[in-house]
Amino acid sequence: GARGVFNVTGPSAVPLSAILRLLDKPLRPVPHMVFEPLVRTMFRSRIWNFPPQELDHLKYGCTVSGERMRNELSFEPKYDMSDIVAMFRPGATPGL
């Protein structure tokens with residue numbers, strides 16, 4: 001059988017900006033030099049629980065490959081990211 005670690009991915013990458021558009025959320029560019037100190041202060045004050053170190057994950061996107069999963073396990077996702085994000089839209093019916 002298959003051994004090791006597999007990335008479980010959807011069929012395509014979806015940028016955060018596309019997810020926000022699918023959810024009808026506004027896109028507001030905020031300069032990092034303003035946002036990072038604000039997030040750091042809010043985190044230290046326990047106003048917000050988003051660690052400031054995670055901002056780089058938003059600023060610099062990251063993509064993982066599910067190629068090994070598909071090749072070795074013959075796994076193909078049933079839903080794409082757009083389907084999954086649509087479940088979280090206001091008024092969406094739970095489930096797919």
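None of the values given here were measured: they were computed from a predicted structure.

A. Representation of the overall build of the chain in the model. When helices and strands are tallied, the chain shows five helices and zero strands. Of the regular secondary structure in the chain, the N- to C-terminal order runs α-α-α-α-α. At 17 Å, the chain has a C-alpha radius of gyration far larger than the 12 Å of a compact globule built from 96 residues. Taken along its principal axes, the extent of the C-alpha atoms in the chain is 50 × 35 × 20 Å. Every one of the 96 residues in the chain was classed for burial, and the buried ones make up 12%. Excluding contacts between residues fewer than 6 apart, the proportion of contacts in the chain whose partners are at least 24 apart in sequence is 59%. Within the chain, one finds 12 positive and 9 negative side-chain charges whose respective centroids are separated by 8 Å.

B. Representation of helix α2 (residues 32-44) within the structure. Look at α2: 18 Å from first C-alpha to last across 13 residues, which is about the 18 Å you get at 1.5 Å a residue. Two residues or fewer past α2, R46 is found with a positive phi of approximately 65 degrees.

C. Representation of the pattern of salt bridges in the model. Going through the model one piece at a time under the given rule, you end up with three salt bridges. When the shortest N-O distance is used, the salt bridge between E36 and R40 registers 2.3 Å. In this pair, E36 and R40 both sit in helix α2, four residues apart, roughly one turn of the helix. With a relative accessible area of 30%, R40 lands in the partly exposed category. For R68, the salt bridge goes to E72, with nearest N and O atoms at 3.0 Å. Of this pair, R68 and E72 both sit in helix α4 (residues 67-73), separated by four residues, roughly a single helical turn. With a relative accessible area of 47%, E72 lands in the partly exposed category.

D. Highlighting the confidence of the model for the chain. When pLDDT is averaged across the chain, the result is 86; 97% of the residues are at 70 or more. Highest mean pLDDT in the chain belongs to α2 (93); lowest belongs to helix α5 (residues 81-86) (81).

E. Structural view of the packing of aromatic side chains. The full count for this structure, using the stated rule, is two aromatic pairs. Here the aromatic rings of F35 and W48 are separated by 6.2 Å at their centres, their planes lie at 70 degrees, and the arrangement is edge-to-face. Taken together, the residues F35 in helix α2 and W48 in the loop between α2 and α3 (55-59) connect sequence positions 13 residues apart. Here W48 falls in the partly exposed class, since its relative accessible area comes to 33%. Aromatic rings pair up to connect F35, W48 and F50 into one cluster. Residue placement shows R68 over the ring face of F6; its charged tip is 4.0 Å from the ring centre.

Criteria and cut-off values
- Residues numbered from 1 in each chain as written.
- Predicted model: local features only at pLDDT ≥ 70, side-chain atom pairs only at ≥ 80, totals over all residues.
- Heavy atoms only, no water.
- Helix = DSSP H or I, 4+ residues; strand = E, 2+ residues; numbered from the N terminus.
- Rg over C-alpha atoms; globule rule 2.2 N^0.38 Å.
- Buried < 20%, exposed > 50% of the residue type's maximum accessible area, 1.4 Å probe, protein only.
- Contact = heavy atoms within 4.5 Å.
- Lys, Arg positive; Asp, Glu negative; His and termini not counted.
- Charge placed at Lys NZ, Arg CZ, Asp CG, Glu CD.
- Expected span 1.5 Å × (residues − 1).
- Salt bridge = Lys/Arg side-chain N within 4 Å of Asp/Glu carboxyl O.
- pLDDT = per-residue confidence, 0-100.
- Phe/Tyr/Trp six-rings, centres within 6.5 Å; stacked < 30°, edge-to-face > 60°.
- Lys NZ or Arg CZ within 6 Å of the ring centre and 35° of its normal.

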